[in-house]
Amino acid sequence: MAKVSGAHAGRAEQPISRAGRTNEIASRSFTEQVVIWYNVCMVGNLETSEKPLHVDLFSGIGGFSVAAGMVGFETIAHCENDPFCQAVLNKNFEGVGICGDIHEFAAWFVRRFGDLCPDLLTGGFPCQDISSSNYDGEGIQGRRSGLWFVMLAVIRKLRPRFVVAENVANLLHRGIDVCIAGLEEAGYTVQSVCMGAWAAGAPHRRDRLFLVAERNDVSDAHRLRQLQQEGIFGDFG
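My aim in this report is to walk through the structure given alongside it, one point at a time. (Residues numbered from 1 in each chain as written. Predicted model: local features only at pLDDT ≥ 70, side-chain atom pairs only at ≥ 80, totals over all residues. Heavy atoms only, no water.)

Counting secondary structure elements, the protein contains seven helices and seven strands. For the protein, the α and β elements follow one another from N to C terminus as α-β-α-β-α-β-α-β-α-β-α-β-β-α. Burial analysis of the protein (237 residues in total) assigns 51% to the buried set. Put simply, the protein shows about 11800 Å² of open surface, and 52% of that area lies on carbon and sulfur atoms. (Helix = DSSP H or I, 4+ residues; strand = E, 2+ residues; numbered from the N terminus. Buried < 20%, exposed > 50% of the residue type's maximum accessible area, 1.4 Å probe, protein only. Areas by Shrake-Rupley, 256 points an atom, 1.4 Å probe, with all protein chains shown as cover.)

See below:
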């Protein structure tokens, strides 16, 4: 079993959430969205002797891993099948294991880390069937973008505290309800936010949709929603 140093289990457009019903994607409160984002950052910045742990699916050249490191997480595993990207990951994240097949990742992870629950799992799953440039794209049910369901199976197996999934903005029209419903059924409180390269000062939009989820048993946002439903705490959104 691999040794790890940890042992832990911009501007935004209107949040899209409360899905699971194709025609009923309702906006959850801004308060709830802030709670989830705040918790992600706070977990990464806790002054403890052990860093919170991050797992990166569909890693590419490690953008999510760089970002996670900037807020205090330690990346312990990548999943990427492209040889060039694997070479970049090996160079920039020396010693971090790479699984080359998302279908095998859960079993690979368990062999290396046992029943360890990472604090954060990220993944920018394939966009080819979702992108607006693919006029005949089948959306989240497509052959490539449908790998979302494999990512969801990994989430169910590993039970990370936080999940951040990313795709093109057109996911709003080609499957966001399915993604959110899957995460909610897996026991997560979910928020979404759309932001682009412009939010970091780039001279172009390149909008991307991010799903940010927190496991219900540790979720302040989930408790907040319960209190709102019980009429104990108001919605400031």
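As a further point, take the pattern of salt bridges. Under the defined criterion, the tally for this structure stands at five salt bridges. Notably, a salt bridge pairs R161 with E214, separated by 3.3 Å at the nearest N-O pair. Note that R161 is positioned in the loop between α5 (148-158) and β5 (162-168) and E214 in strand β7 (residues 208-215), a separation of 53 residues in sequence. Among the ionic pairs, R205 bridges to D207, the shortest N-O distance being 2.9 Å. (Salt bridge = Lys/Arg side-chain N within 4 Å of Asp/Glu carboxyl O.)

This paragraph deals with the environment of A197. Mapped onto the elements of the fold, A197 is located in the loop between β6 (188-195) and β7. With 10 residues separating them along the chain, A197 and D207 place their C-alpha atoms 6.7 Å apart. Among all residues touching A197, those that are not within four sequence positions of it are A202, H204, R205 and R206. (Contact = heavy atoms within 4.5 Å.)

So, about the sheet that holds strand β1 (residues 53-57). Spatially, the seven strands line up as an open sheet ordered β3-β2-β1-β4-β5-β7-β6, and their pairing is mixed. Two strands in the sheet have a free side with no partner beyond their single neighbour: β3 (97-99) and β6. With strand direction ignored, the average angle separating the axes of adjacent strands in the sheet is 20 degrees. Sitting on the sheet, α5 touches β1, β4 (120-123), β5 and β6, and the angle it makes with β4 is about 175 degrees. (Pairing = 2+ DSSP bridges. Axes fitted to C-alpha atoms, helices over the stretch in contact; angles between N-to-C directions.)

Nothing here speaks to function; it is all geometry.
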